Amino acid sequence: MVTPAAKREAVAHLKAQLGLSERRACQIAGADRKMVRYQTQRAPDTALRGRLRDLANERRRFGYRRLFVLLRREGEPSGINRIYRLYSEEGLTVRKRKPMQNGFVESFNGRMRDEFLNETLFRNLDHARNLIAVWVTDYNTARPHSALGSQTPAGFALHLTTAIARPAARDESSARRAIAQPAPTGVNDHRAPLVAG
């Protein structure tokens, strides 16, 4: 599908190079004259684009969804569709990687490798330990996790602990009930012993 921008460029080329009228150039390019004359009223998004690029450079393996969460935390009111459009226009798409074999292990290992190990140069063992501690703290307290509804593990654990600690109102529905119902009256629930043979 030819985009409106490409059609506008084609019309401009036909007018400049061949000296055609706008009406004739639009007929050849299959473009509507109103669309060719349209001037966008949209703001340039310069500041938002810059912040999106900065976040993408800080967290190179984050896709637009996690970058959207980080921007929303900073107070950015834009919706996810706008962030996705700017993310795509800036060429920030994350390249897909290796086939999955063990989801539970590879999920964490892949994130640690992509976001930390591939991005860091260690000077010595102490330096590595310090940076790993900082990354673990960030992973648990700042990084949004999609499996937790874009919460951090620390935030999710706090919410879960609060919910568990809240005293539950006891009523008849929460009282302990028998697992199996008693046998109806007149039904013999004694079984005859089996004879081995």
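First things first, this report covers the structure right here in the doc.

Rules behind the numbers
- Residues numbered from 1 in each chain as written.
- Predicted model: local features only at pLDDT ≥ 70, side-chain atom pairs only at ≥ 80, totals over all residues.
- Heavy atoms only, no water.
- Helix = DSSP H or I, 4+ residues; strand = E, 2+ residues; numbered from the N terminus.
- Buried < 20%, exposed > 50% of the residue type's maximum accessible area, 1.4 Å probe, protein only.
- Areas by Shrake-Rupley, 256 points an atom, 1.4 Å probe, with all protein chains shown as cover.
- Contact = heavy atoms within 4.5 Å.
- Phe/Tyr/Trp six-rings, centres within 6.5 Å; stacked < 30°, edge-to-face > 60°.
- Patch = residues over 30% accessible without salt bridge, like charges linked within 9 Å, V, L, I, M, F, W, Y side chains within 5 Å.
- Salt bridge = Lys/Arg side-chain N within 4 Å of Asp/Glu carboxyl O.
- Axes fitted to C-alpha atoms, helices over the stretch in contact; angles between N-to-C directions.
- Parallel < 35°, antiparallel > 145°, perpendicular 65-115°, else oblique.
- Left-handed = near helix turned anticlockwise from the far one by under 90°.
- Nonpolar A, V, L, I, M, F, W, Y, C, P; charged D, E, K, R; others polar.

## What to know about the overall build of the chain
Right, so step 1: A count of helices and strands for the chain gives 9 helices and 0 strands.
Right, so step 2: The order of helices and strands in the chain, counted from the N terminus, is α-α-α-α-α-α-α-α-α.
Right, so step 3: The proportion of buried residues among the 197 residues of the chain is 22%.
Right, so step 4: Entry remark: accessible area of the chain is about 15,600 Å², with carbon and sulfur atoms responsible for 55%.

## Quick word on the side chain of Thr152
Right, so step 1: Structurally, Thr152 can be placed in the loop between α8 (125-141) and α9 (153-165).
Right, so step 2: Residues in contact with Thr152, not counting those within four places in the same chain, are Arg73, Asn140, Thr141, Ala142, Arg143 and His145.

## What to know about the packing of aromatic side chains
Right, so step 1: As enumerated under the stated definition, the model contains 7 aromatic pairs in all.
Right, so step 2: With a centroid separation of 5.0 Å and an interplanar angle of 35°, the aromatic rings of Trp135 and Tyr139 are classed as tilted. You can see Trp135 and its partner Tyr139 sitting in helix α8, 4 residues apart, about one turn around the helix.
Right, so step 3: Note on Trp135: relative accessible area 8%, which makes it buried.
Right, so step 4: Judged by its relative accessible area of 14%, Tyr139 is buried.

## So, a nonpolar patch on the surface
Right, so step 1: On the surface, Leu117, Phe122, Ile132 and Val136 cluster together into a nonpolar patch covering about 280 Å² of accessible area.
Right, so step 2: With respect to the helices and strands, the residue Phe122 is situated in the loop between α7 (103-115) and α8.
Right, so step 3: With relative accessibility at 31%, the residue Phe122 sits in the partly exposed group.

## Comments concerning the packing of helix α4 (residues 46-58) against helix α5 (residues 64-73)
Right, so step 1: The interhelical angle for the contact between α4 and α5, taken along N-to-C directions, is 120°, at an axis separation of 10 Å. By the angle between their axes, α4 is oblique relative to α5. Regarding α4 and α5, the two cross each other, and that crossing is right-handed. On the side of α4, the interface is formed by Leu48, Arg51, Leu52, Leu55 and Ala56, while α5 contributes Leu67, Leu70 and Leu71.
Right, so step 2: Here the contact of α4 with α5 is built from residues that sort into 7 nonpolar, no polar and 1 charged.

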